[in-house]
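The residues making up each chain are set out below.
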Amino acid sequence: MSTYFQDLKKNNPALAADYAIVGNQSQHDLRCMVKALNMLPFFNTPEDEKRLAAAKRILKVKGA
């Protein structure tokens, strides 16, 4: 028996990597993260930019 994330690693490794970056968060939390990171982009570190891109890709797949 496997979990959702184990199946995701097999079926969509790019999306699994995005979840590894941002963690298992709700759509609402991801939307808030995207909004906050877009507000003042000049304060973002390279890690923040990776987190922003990953959150946007996850929201696009979820249809939010």
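Reading guide: rules and limits
- Residues numbered from 1 in each chain as written.
- Predicted model: local features only at pLDDT ≥ 70, side-chain atom pairs only at ≥ 80, totals over all residues.
- Heavy atoms only, no water.
- Helix = DSSP H or I, 4+ residues; strand = E, 2+ residues; numbered from the N terminus.
- Buried < 20%, exposed > 50% of the residue type's maximum accessible area, 1.4 Å probe, protein only.
- Contact = heavy atoms within 4.5 Å.
- Areas by Shrake-Rupley, 256 points an atom, 1.4 Å probe, with all protein chains shown as cover.
- Lys, Arg positive; Asp, Glu negative; His and termini not counted.
- Charge placed at Lys NZ, Arg CZ, Asp CG, Glu CD.
- Expected span 1.5 Å × (residues − 1).

### Some words on the overall build of the protein chain
Then step 1. A tally of regular secondary structure across the protein chain gives 4 helices and 0 strands.
Then step 2. Taken from N to C terminus, the helices and strands of the protein chain fall in the order α-α-α-α.
Then step 3. For the protein chain, the C-alpha atoms occupy an extent of roughly 45 × 20 × 15 Å along the three principal directions.
Then step 4. Here the protein chain holds 64 residues, and 27% of them are scored as buried.
Then step 5. At a minimum sequence separation of 6, the contacts of the protein chain that also span at least 24 residues come to 55%.
Then step 6. Of the roughly 4600 Å² of accessible surface on the protein chain, a fraction of 59% belongs to carbon and sulfur atoms.
Then step 7. Measuring between centres, the 10 positive side-chain charges of the protein chain sit 5 Å from its 6 negative side-chain charges.

### Details of helix H4 (residues 46-62)
An α-helix turns once every 3.6 residues. As a result, residues three or four positions apart point the same way.
Then step 1. Here H4 is 17 residues long and its end C-alpha atoms lie 25 Å apart, about the 24 Å a rise of 1.5 Å per residue gives.
Then step 2. Among all positions of H4, only Asp48, Leu52, Ala54, Ala55, Ile58 and Leu59 are buried.
Then step 3. Looking one or two residues past H4, Gly63 carries a phi angle of roughly 80°, positive in sign.

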